[in-house]
Amino acid sequence: MADVRVKICGLKRPEEVIAAAEAGAAYCGFVFFPKSPRNVTIEQAAELALAAPIGLAKVALVVDPDDALLDQITAKVPLDMIQLHGKETPERVRQVKSRYGLPVMKAVGIASEEDVENLDPYEDVADQILVDAKKPKGGELPGGNGLAFDWRLIAGRAWRAPWMLAGGLTPENVAQAVALTGARQVDLSSGVESAPGVKDISKFAPFIRAAQADAPPRL
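Residues numbered from 1 in each chain as written. Predicted model: local features only at pLDDT ≥ 70, side-chain atom pairs only at ≥ 80, totals over all residues. Heavy atoms only, no water.

Trainee: Lay out the layout of surface pockets with the relevant residues and their values.
Mentor: To find leftover empty space, a probe the size of one water molecule is rolled over the atoms. The computed volume of the largest pocket comes to approximately 440 Å³. The wall of the largest pocket is formed by 20 residues, among which His85, Gly86, Lys87, Gly109 and Lys134 lie closest to the centre. For the lining of the largest pocket, the leading source of residues is strand 5 (residues 104-110), giving four residues. Residue composition of the lining of the largest pocket, by class: seven nonpolar, four polar and nine charged. Considering only enclosed or pocket space, the second largest pocket measures out at about 220 Å³ in volume. In this structure, the second largest pocket is lined by 12 residues; those nearest its centre are Arg157, Ala158, Trp163, Gly182 and Arg184. (1 Å grid on protein atoms, 1.4 Å probe; cavity = no way out; pocket = protein on both sides within 12 Å on 5 of 7 lines; lining within 4 Å. Points joined across faces, edges and corners; volume = space filled by probe spheres on them. Helix = DSSP H or I, 4+ residues; strand = E, 2+ residues; numbered from the N terminus. Nonpolar A, V, L, I, M, F, W, Y, C, P; charged D, E, K, R; others polar.)

Quick look at the structure:
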């Protein structure tokens, strides 16, 4: 079985966190974005984090957060990583890393070859890069839209920072995505839902099996 690490994002119930770990996920994500159907309060996230078994990395997804919000989150939620999913600059990534002493993942939306170049300024400042599908015009959600980008845009690409593939991944297409891009990490949210923000736990294990089954060997 190939070593592909899976992040399941947008969890809202303790049983989802436990199920993610049991299915073999490496990361779980909590969304702090009021417009998202996956949004959780700080109090809810604290409960979710405490339910996470040892070894499951807990990630806070935030969108252009100010220090006041991050102060509140980090004071109450035991986290392993902060995911910046807005328009944060490389300098802001540095600030967040320095202030909170946590690894920072920076998400960048991709729709064209030109967009791929926007990843480069982050590879020496972010601990990880999330290569996601660009949100649609007029869309309110920076991620979790169930949209995929053309994976050929990043086929054979490598960055100095570890990276994770996101955007419209499902149990049916993740093996192809991994094979085409060479991704060693994948992130999903809507691909294991029965409705926006409603996770279908029964889909967790099939997704992870598919992500790991046909992945190319690590070079």
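Trainee: How would you sum up the environment of Pro90? Please name residues and give values.
Mentor: Its location among the elements puts Pro90 in helix 4 (residues 90-100). Judged by relative accessible area, which is 22%, Pro90 ranks as partly exposed. Residues Pro90 and Tyr122, 32 residues apart in the sequence, show an inter-C-alpha distance of 5.8 Å. Discounting residues that sit within four places of it in the chain, Pro90 has contacts with Pro121, Tyr122 and Val125. (Buried < 20%, exposed > 50% of the residue type's maximum accessible area, 1.4 Å probe, protein only. Contact = heavy atoms within 4.5 Å.)

Trainee: So, the packing of helix 3 (residues 67-76) against helix 4: which residues are in play, and what are the values?
Mentor: Their axes nearest at 12 Å, the elements helix 3 and helix 4 cross at an angle of 35 degrees. Judged by the twist between their axes, the crossing of helix 3 over helix 4 is right-handed. Of the residues in helix 4, those in contact with Asp67, Leu70, Asp71 and Thr74 of helix 3 are Arg92, Val96, Arg99 and Tyr100. In terms of residue class, the contact of helix 3 with helix 4 is made up of three nonpolar, one polar and four charged. (Axes fitted to C-alpha atoms, helices over the stretch in contact; angles between N-to-C directions. Left-handed = near helix turned anticlockwise from the far one by under 90°.)

Trainee: Break down helix 1 (residues 14-23) for me, with residues and values.
Mentor: Every buried residue of helix 1 is accounted for by Glu16, Val17, Ala19 and Ala20. Down the axis of helix 1, the smallest arc covering the buried residues is 165 degrees, so these residues share one side. Buried residues along helix 1 sit in contact with strand 1 (5-9), strand 2 (27-32), helix 2 (42-51), strand 10 (198-199) and helix 7 (204-213). Positive backbone phi, approximately 110 degrees, marks Gly24, located one or two places after helix 1. (Arc of directions from axis to C-beta.)

Trainee: I'd like to hear about the packing of aromatic side chains, residue by residue, with values.
Mentor: For the coordinates displayed, the defined rule picks out one aromatic pair. Taken together, a centroid distance of 5.4 Å and an interplanar angle of 75 degrees make the contact between Trp159 and Trp163 edge-to-face. Seen from the ring of Tyr122, Lys106 lies directly overhead, with NZ or CZ sitting 5.3 Å from the centre. (Phe/Tyr/Trp six-rings, centres within 6.5 Å; stacked < 30°, edge-to-face > 60°. Lys NZ or Arg CZ within 6 Å of the ring centre and 35° of its normal.)

Trainee: I'd like a description of the pattern of salt bridges, backed by residues and values.
Mentor: Pairing between side chains of opposite charge can happen when the charged atoms of each approach one another. In the structure shown here, the tally under the stated rule is 18 salt bridges. The closest approach of N and O atoms between Arg13 and Glu16, which form a salt bridge, is 2.9 Å. Classification of Glu16 as buried rests on a relative accessible area of 2%. Linking Arg160 and Asp124 is a salt bridge whose minimum nitrogen-to-oxygen distance equals 2.8 Å. On the criterion of sequence distance, the pair formed by Arg160 in the loop between strand 6 (128-133) and strand 7 (163-165) and Asp124 in the loop between helix 5 (113-116) and strand 6 is long-range, its members being 36 residues apart. Across this residue pair, the class does not change: Arg160 and Asp124 are exposed. Residues joined by salt bridges that share partners form a network here, namely Asp67, Asp71, Arg92 and Arg99. (Salt bridge = Lys/Arg side-chain N within 4 Å of Asp/Glu carboxyl O.)

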